[in-house]
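The chain contents come next:
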Amino acid sequence: MKRIISILTLALVCAVSYAQTARQVLDKAAETVSNKQGVTAKFSISGANIGNTSGTISVKGNKFHASTPLATIWFDGKTQWTYMKNNDEVNVSNPTEAQLQAINPYNFINLYRNGFSYTMTTKGANYEVHLTATNKKRSVQEMYITVNKSTYVPTNVKMRQSSGWTTIKISNFKATKLSDSMFRFNSKDYPHAEVIDLR
C-alpha cells in the first residue's frame, strides 16, 4: 500500500511539475510578445466561418494594429475600429475575448493566466502547449500554442470555439519601437469613411 501511495505521489508531483513547465513556457512567450516598446509580425489565419486571410500585425501591451487586404483594425485595449476597404466604412466595437483571439494571434497573452489547465509536448525545435478551459462557458474552450524553444517566440496558435477551429500562423517576428497613436483610428486619415458605432 505504501508503495502504491509513493508511486501516486511521485506521479502527482511529476504532473504538477510538468504543468508548471508549460506555464513557464507561456510566461516566457508572453514576456517576449509583451516587449514594452512593441513588436511586429506577419500572420495568416484560416478557420471556420472566416475563410483564409493574411496580413501584418503590430502589438504593444494589450493594444494591436492589424492590416489585411480587406480591412485595417486598430485596438487600443478597449475599443476596436475596423475599416472595411471595399465600402469605406469603419465599425466601432468593444470586442469579446473570442473576437480578439480570432484577430490578434498574440491575444493569448491576456487569456492563459486564468481559467485554463495546461499540458505540454516537445515537437522538434518547438514546445506545444495545450490549454483547456476550466469554465465551459468560456468563448475559447481550447488552444494549442506553438513556441520556439530558443527564442520563445510563438509561431502558431490554434483555438477551438463553438464555430470550430481557427489556426493562426506567425512569421517575421521583430521587436521595434511603436507609437501609441498607431493603435487608435484617426478619422483625419479617412475623411470620407462612414463611421458606424456598434457598441
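Before any of the text, the structure's been laid out above.
The residue numbers shown here count from 1 along each chain, following its written sequence. Where totals are concerned, whole chains, interfaces and linings use all residues; where local detail is concerned, this predicted model gives features only for residues with pLDDT of at least 70, and gives and counts side-chain atom pairs only at 80 or more. The basis for every side-chain value is the complete set of non-hydrogen atoms in the structure, without hydrogens or water.

Peer 1: So, the side chain of His65: which residues are in play, and what are the values?
Peer 2: By definition, any uninterrupted DSSP run of H or I lasting at least four residues is a helix, any uninterrupted run of E lasting at least two residues is a strand, and each is numbered from the N terminus. Mapped onto the elements of the fold, His65 is located in strand β3 (residues 63–67). Categorising residues by exposure relies on relative accessible area from a 1.4 Å probe, with only protein chains included: less than 20% of the type maximum marks a residue as buried, more than 50% marks it as exposed, and the intermediate range marks it as partly exposed. His65 sits in the buried class, given a relative accessible area of 17%. Residues within four places of His65 in sequence aside, it is in contact with Thr56, Ile57, Ser58, Thr72, Ile73, Trp74, Met182 and Phe183. Residue contacts follow a heavy-atom distance rule, with two residues in contact if any of their heavy atoms lie within 4.5 Å.

Peer 1: Would you mind going over the nonpolar core in detail, with residue names and values included?
Peer 2: Membership of the largest hydrophobic core comes to 34 residues, with the highest contact counts inside it found for Phe64, Val129, Leu131 and Met143. Considering every element that reaches this core, the biggest residue donor is helix α1 (residues 2–33), with five residues. Listed in part, the seven residues of the second largest apolar core include Trp74, Tyr83, Val90 and Val92. We define a nonpolar core as any set of buried Ala, Val, Leu, Ile, Met, Phe, Trp, Tyr and Cys residues linked to one another through side-chain atoms lying within 4.5 Å.

Peer 1: How would you sum up the packing of aromatic side chains? Please name residues and give values.
Peer 2: Put simply, two rings from Phe, Tyr or Trp (the six-membered ring, in Trp's case) pair if the centres are within 6.5 Å, and we call them stacked under 30 degrees between planes, edge-to-face over 60, tilted for the rest. In total, this model carries seven aromatic pairs according to the counting rule given. Ring geometry for Trp74 versus Phe185: centroids 5.2 Å apart, planes at 70°, classification edge-to-face. With Trp74 in strand β4 (residues 71–75) and Phe185 in the loop between β11 (164–175) and β12 (194–197), this pair connects stretches of sequence that are 111 residues apart. Taken as a pair, Trp74 and Phe185 share a single burial class, namely buried. Their ring planes at 35° and their centres at 5.9 Å tell us that Tyr144 and Trp165 sit as a pair that is tilted. On the criterion of sequence distance, the pair formed by Tyr144 in strand β9 (residues 142–148) and Trp165 in strand β11 is long-range, its members being 21 residues apart. In this structure Trp165 comes out as partly exposed when scored by relative accessible area, which is 31%. Through a chain of ring-to-ring contacts, the aromatic side chains of Trp74, Tyr83, Phe185 and Tyr190 assemble into a single cluster.

Peer 1: Tell me about the sheet that holds strand β8 (residues 126–133), residues and numbers included.
Peer 2: Strands were regarded as paired on the criterion that DSSP finds at least two bridges between them. With mixed pairing, 12 strands are arranged side by side in an open sheet as β7-β8-β9-β10-β11-β1-β2-β3-β4-β5-β6-β12. Whereas interior strands pair on both sides, the edge strands pair on one side only; in this sheet they are β7 (116–123) and β12. Strand-to-strand twist of the sheet, defined as the mean angle between neighbouring strand axes without regard to direction, takes the value 20°. Note: strand β10 (residues 154–161) against β11, six bridges, orientation antiparallel. Note that in β11 the partner of Arg160 across the bridge is Trp165. Note on geometry: axes are C-alpha line fits, over the in-contact stretch for helices, and angles between N-to-C directions span 0 to 180 degrees.

Peer 1: Break down the pattern of salt bridges for me, citing the residues and quoting the values.
Peer 2: By salt bridge we mean one thing: a side-chain nitrogen of Lys or Arg within 4 Å of a carboxyl oxygen of Asp or Glu. Applying the stated criterion across every chain, the model contains six salt bridges. Here Asp76 ties to Arg184 by a salt bridge, and the two come within 2.3 Å at their closest N and O atoms. Pair noted here: Asp76 is in the loop between β4 and β5 (80–84) and Arg184 is in the loop between β11 and β12, with a separation of 108 residues, a long-range link. Ionic pairing is found between Lys123 and Glu128, a salt bridge with its closest N-O pair at 3.3 Å. The exposure class assigned to Glu128 is buried, which follows from its relative accessible area of 18%.

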